[in-house]
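Observations on the model geometry
Below are the chains, spelled out letter by letter.
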Amino acid sequence: MSKSETIKVTVWNEFVHEQEHDAVKKIYPDGMHTVIADALNQNDDIVARTATLQEPEHGLTEEVLAQTDVLTWWGHAAHDKVDDEVVARVQKRVLEGMGLICLHSAHFSKIFRRMLGTNCSLKWREVAEKERLWNLEPGHPITQGIGQYIELPNTEMYGERFDIPTPDKLIFVSWFEGGEVFRSGCCWERGHGRIFYFRPGHETYPIFHNAEVIKVITNAVRWAKPRVQITDVCPNSKPLETISPKDVDFGSAGIEQSSDTVG
Ligand code: ZN
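Residues numbered from 1 in each chain as written. Predicted model: local features only at pLDDT ≥ 70, side-chain atom pairs only at ≥ 80, totals over all residues. Heavy atoms only, no water.

1. What to know about the overall build of the protein
The secondary structure content of the protein amounts to seven helices and nine strands. Taken along its principal axes, the extent of the C-alpha atoms in the protein is 85 × 45 × 35 Å. Relative to its full complement of 263 residues, the protein shows a buried share of 50%. Considering only contacts within the protein whose residues lie at least 6 apart along the sequence, 69% involve residues at least 24 apart. On the protein, roughly 13,500 Å² of surface is accessible, and the fraction owed to carbon and sulfur atoms is 51%. (Helix = DSSP H or I, 4+ residues; strand = E, 2+ residues; numbered from the N terminus. Buried < 20%, exposed > 50% of the residue type's maximum accessible area, 1.4 Å probe, protein only. Contact = heavy atoms within 4.5 Å. Areas by Shrake-Rupley, 256 points an atom, 1.4 Å probe, with all protein chains shown as cover.)

See the structure below:
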């Protein structure tokens, strides 16, 4: 695979729970970002690096973002610690064409809410219940290799109403043991960039060690890779054709005033 065809992924993680809670550290000793990046790096067409909240500029400098085709995001306890300047920088890159994959509790991240413009609130409960993610779009690039559903034996519940704009494409709907349902795989486009939200990923369960969850994230990386990179401009534009001169007075409605109507 030539270098130009390689998809450059930056896996971003706030990396707080893994350092503060032994139960989470046991599942992700080097942080969940490392597990996700290692899994993505098993693919010849993907090169993944990591970035965390604690790094200068959260590891998302102009240089890093310029070299990022797809950014994945996991945050939960420290959404408010993310610098607004970095959020604006990521938003600009998505609008230019970079892909963004928001995982689980990233539903409340600054970047996800900025991109979607709604509250992104939901119902939640943590009792290790079963989740079944139903695959609604077996022909979609994101569900390739996935059967009718993915079953996760122990998860945190997220329930509707999920306060998001109606997805351009709904890929998965989750059912939970306690009775709720949730739009758990959602696609949008903003500007030239593609955005995918994927629900699984609560830190106290080994969700990112699940092969099907990783398969979906890998597929989503390929789906979200940039097709163009276009920096926004808002230019004054010369006409392509000759426009006949209209050297007359226009009324308040922009309509040419004839002698009948004037006066
Ligand atoms: Zn959670």
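The structure having been displayed, the exposition proceeds.
2. Looking at the sheet that holds strand β1 (residues 7-13)
One open sheet accounts for nine strands, arranged β2-β1-β3-β4-β9-β8-β7-β5-β6; its pairing is mixed. The open sheet terminates on both sides in strands that have one partner only, identified here as β2 (46-52) and β6 (149-159). Sheet twist, expressed as the average angle between the axes of neighbouring strands with direction ignored, equals 25 degrees. Here strand β8 (residues 181-190) pairs with strand β9 (residues 193-198) via six bridges, running antiparallel. The residue of β9 that forms the bridge with W188 is I195. (Pairing = 2+ DSSP bridges. Axes fitted to C-alpha atoms, helices over the stretch in contact; angles between N-to-C directions.)

3. Some details on helix α7 (residues 211-224)
Under the 1.5 Å per step criterion, the end-to-end length of α7 is 20 Å for 14 residues, consistent within 8% with the ideal 20 Å. Within α7, burial applies to V213, I214, V216, I217, T218, N219, A220, V221, W223 and A224. Sitting at the head of α7, N210 places a side-chain oxygen 2.8 Å from the backbone nitrogen of E212. (Expected span 1.5 Å × (residues − 1). Polar contact = N/O pair within 3.5 Å; in protein donor to acceptor, adjacent residues only side chain to side chain.)

4. Digging into the coordination of the zinc ion
Within the protein, the atoms that donate to the zinc ion are H104 (NE2), E156 (OE) and H202 (ND1), at distances of 2.0 to 2.1 Å. Mapping the donors of the zinc ion onto the primary sequence gives the spacing H-x51-E-x45-H. One end of the pair, H104, is in the loop between β4 (99-103) and α6 (110-116); the other, H202, is in the loop between β9 and α7, and 98 residues separate them in sequence. The pair formed by H104 and H202 is uniform in burial state, with each residue classed as buried. (Donors = N, O, S within 2.8 Å, 3.2 Å for Na, K, Ca; no water.)

5. What to know about the nonpolar core
In terms of nonpolar packing, the biggest core is built from 37 residues, with V9, L40, F196, F198 and F208 touching the most fellow members. With seven residues, the single largest contributor to this core is α7. Sequence-distant contacts of F198, defined by excluding residues within four places in its chain, comprise C102, L103, H104, L133, F172, S184, V213, V216 and I217. In terms of nonpolar packing, the next biggest core, distinct from the first, is built from 34 residues, W12, L71, V87 and I164 among them. (Core = buried A, V, L, I, M, F, W, Y, C linked by side-chain atoms within 4.5 Å.)

6. Comments concerning the side chain of E131
In this fold, E131 is placed in strand β5 (residues 123-135). Judged by relative accessible area, E131 falls into the buried class, the value being 0%. A polar side-chain atom of E131 sits 2.6 Å from a polar atom in the side chain of R199. Here E131 is in contact with I150, E151, L152, T155, S174, W175, F176, S184 and R199, once residues within four sequence places are set aside.

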